[in-house]
Amino acid sequence: MRSIYFAFLRQKDHVIFIFALFLSLLILFSGDNTEIAELRIRFSRYFAFTKIPSVWVTSKRSLDLENSDLRNKNLQLKLLLESMRNLENDNLQLRSLLDFKRESHLNLLPAAVHGKGITTTLSSFIIDVGTNDGVAVNDPVVIADGVVGKTMHVGETTSIIQLISDPDFRLSVRIVPDGAIGILSWLGNNICEIREVPKSAKINVGDLVYTSSYSDIFPASLPVGRVSAIFDERGSFQKRLKIEMHYNIGILEYVFVILD
Amino acid sequence: MKFNKRYIIFGLSATILQILLSDLLSIKLIRPDFILIFLLYLTIWEGRIAGISTGFLLGLLVDFIGVASYFGLSALLYTVFTYILGVIHNKYSKWPPILYHSFWSLCIVLLYFIRFSITSARLLDYNPQVFWGSVLFSSLYTLAFAIIVLLFLPLARDS
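### Observations regarding the packing of helix α2 (residues 34-46) of chain B against helix α4 (residues 73-85) of chain B
All names here are of chain B. Following both chains from N to C, one finds α2 and α4 inclined at 35°, their axes separated by 9 Å at the closest point. Along this stretch, α2 crosses α4, giving a crossing that reads as right-handed. Residues I35, L36, L39, L40, T43 and I44 of α2 pack against Y78, F81, T82 and L85 of α4. Split by residue class, the contact of α2 with α4 holds eight nonpolar, two polar and no charged.

### Observations concerning the environment of A50 of chain B
Tracing the backbone through its elements, the reader meets A50 of chain B in helix α3 (residues 48-64). In this structure, the C-alpha to C-alpha distance between A50 of chain B and T82 of chain B, residues 32 residues apart in sequence, is 8.9 Å.

### With respect to a nonpolar patch on the surface
All names here are of chain B. A surface patch of nonpolar side chains, amounting to about 650 Å² of accessible area, comprises I8, L12, I16, L17, L20, L21 and L24. Topologically, L12 is positioned in helix α1 (residues 5-21). We classify L12 as exposed; its relative accessible area is 51%.

### Focus on the sheet that holds strand β6 (residues 171-176) of chain A
Residues and elements named next belong to chain A. Pairing is antiparallel around the closed barrel formed by six strands, whose spatial order is β6-β7-β8-β11-β10-β9. Averaged over all pairs of adjacent strands, the angle between their axes in this sheet comes to 45°, without regard to strand direction. The pairing of strand β10 (residues 223-232) with strand β11 (residues 238-245) spans seven bridges and is antiparallel. Residue F231 lies in a different strand from β11, and its bridge partner there is R240.

### Comments concerning the interface of chain A and chain B
It is common to give the size of an interface as the accessible area lost on bringing the parts into contact. Each partner contributes to the interface: chain A provides 49 residues, whereas chain B provides 44 residues. Summing both sides of the interface, chain A and chain B together bury roughly 4200 Å²; the carbon and sulfur share of this comes to 67%. Counting across the interface, chain A meets chain B through one salt bridge. The shortest N-O distance in the salt bridge between R48 of chain B and D13 of chain A comes to 3.2 Å. At the junction of chain A with chain B, the criterion picks out three residue pairs in polar contact (both at pLDDT 80 or more).

### A look at the pattern of salt bridges
Two side chains with opposite charge may pair up if their charged atoms get near one another. All names here are of chain A. What the rule picks out here adds up to five salt bridges over all chains. For K73, the salt bridge identified is with D69, shortest N-O distance 3.6 Å. Taken together, the positions of K73 and D69, both in helix α5 (residues 61-85) and four residues apart, correspond to about one turn of that helix. One continuous salt-bridge network, built from bridges that share partners, spans E193, R195 and R240.

### What about the domain arrangement of chain A?
When its domains are assigned, chain A resolves into domain 1 (2-46), domain 2 (110-163) and domain 3 (171-249). Taking only C-alpha atoms into account, the centre of domain 1 of chain A sits 40 Å from that of domain 3 of chain A.

### Considering empty space enclosed by the protein
Residues and elements named next belong to chain B. Within this structure, the stated rule accounts for one cavity of 30 Å³ or more. Considered as a void within the structure, the largest cavity measures approximately 40 Å³ in volume. The wall of the largest cavity is formed by V80, F81, I84, C107, L110, L111 and I114. Here the lining of the largest cavity gets four residues from one element, more than from any other, and that element is helix α5 (residues 97-119). Residue composition of the lining of the largest cavity, by class: seven nonpolar, no polar and no charged.

About the criteria used
- Residues numbered from 1 in each chain as written.
- Chains lettered and ligands numbered in written order.
- Predicted model: local features only at pLDDT ≥ 70, side-chain atom pairs only at ≥ 80, totals over all residues.
- Heavy atoms only, no water.
- Axes fitted to C-alpha atoms, helices over the stretch in contact; angles between N-to-C directions.
- Helix = DSSP H or I, 4+ residues; strand = E, 2+ residues; numbered from the N terminus.
- Left-handed = near helix turned anticlockwise from the far one by under 90°.
- Contact = heavy atoms within 4.5 Å.
- Nonpolar A, V, L, I, M, F, W, Y, C, P; charged D, E, K, R; others polar.
- Patch = residues over 30% accessible without salt bridge, like charges linked within 9 Å, V, L, I, M, F, W, Y side chains within 5 Å.
- Areas by Shrake-Rupley, 256 points an atom, 1.4 Å probe, with all protein chains shown as cover.
- Salt bridge = Lys/Arg side-chain N within 4 Å of Asp/Glu carboxyl O.
- Buried < 20%, exposed > 50% of the residue type's maximum accessible area, 1.4 Å probe, protein only.
- Pairing = 2+ DSSP bridges.
- Buried area = accessible area lost by both parts, 1.4 Å probe.
- Polar contact = N/O pair within 3.5 Å; in protein donor to acceptor, adjacent residues only side chain to side chain.
- Domains from an automatic or database assignment.
- 1 Å grid on protein atoms, 1.4 Å probe; cavity = no way out; pocket = protein on both sides within 12 Å on 5 of 7 lines; lining within 4 Å.
- Points joined across faces, edges and corners; volume = space filled by probe spheres on them.

In structure tokens:
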């Protein structure tokens with residue numbers, strides 16, 4: 001027993017390393033644990049105070065409300081405009097009118113970004129709305145220029161958003177006008193990639209990308225970006241596309257949550 | 001282990017800098033890691049035990065302050081980083097300077113390599129340029145800040 005104790009003392013740095021490594025792996029593999037999620041939400045709520053000075057300076061209460069209202073209307077109009085751009089013939093017009101009817105009924109909740117995490121790559125936001133405002137897990141988060149992400153953990157007054165720049169984020173998208181469907185993921189530097197696009201699809205640089213109707217989370221026809229490059233993979237039945245986002249995700253201060 | 005006031009001030013400053021400035025200094029969504037620079041000094045000056053325990057706790061803090069996925073990854077990476085870095089604790093006068101400085105620089109590159117290998121593994125398969133670009137840019141960005149700190153606060157301090 002005594003020899004084990006002395007061996008432990010001699011090797012204590014290795015023992016501490018193994019212990020910390022084990023704990024980290026345990027936490028990493030239990031990331032979806034509800035208790036940990038609850039703890040993270042609580043922590044993010046307390047952490048939000050670090051953004052108070054900048055929020056106080058940049059947005060006074062009265063202006064904030066008016067601004068949110070205007071942004072809401074602006075988003076509705078931009079979504080309507082994007083829908084109308086898709087009109088190519090009568091059938092499309094009819095479908096777009098239905099889209100418009102649906103889109104104009106989107107229940108949008110404005111939210112301020114209270115935190116952007118401190119990891120070396122930006123993959124999440126903390127926003128100032130939660131279950132008290134009607135937010136639920138997996139609610140889409142957008143701005144007028146496109147999809148931003150989705151809510152991942154929701155507390156009473158704050159929520160953590162998984163951004164489109166998170167390596168784990170995937171989005172089913174449609175390329176217009178061809179209508180081909182693909183899966184979008186983040187590449188870095190405001191560039192995304194769409195995979196699993198059929199090789200037969202007629203896609204050109206500059207084509208617009210919207211959310212498809214296959215997603216359980218995102219409504220169809222939300223703008224995502226624009227095709228900037230096309231790669232035909234040899235020996236594959238699929239194309240690979242590079243997409244340029246319409247906005248810079250790093251500078252966002254306000255977003256909208258689409259409520260059910 | 002002398003856990004004096006200086007480390008607490010240094011650690012707090014690094015954390016506050018990380019919270020307040022990392023966003024402002026972000027280039028292409030890549031941010032410098034001031035906490036990593038603090039851990040570099042702490043481990044080299046005080047050794048593995050101080051480095052690993054502080055690294056693990058600060059990693060947890062970073063993860064708690066809003067990461068969407070891979071919760072716990074920062075704690076894991078800081079733990080591994082400080083463990084490997086512990087090799088050069090008290091070795092400043094024994095190792096050739098070029099080897100000594102290359103070692104901790106490579107530790108930083110290794111940390112980012114592991115991070116991106118875990119979070120963006122598929123990139124390495126079909127877009128290795130983007131993968132290696134991200135690894136190198138992220139590590140060089142933090143290294144640049146480490147070198148700036150190094151000009152004012154030398155690493156040389158064998159006990």
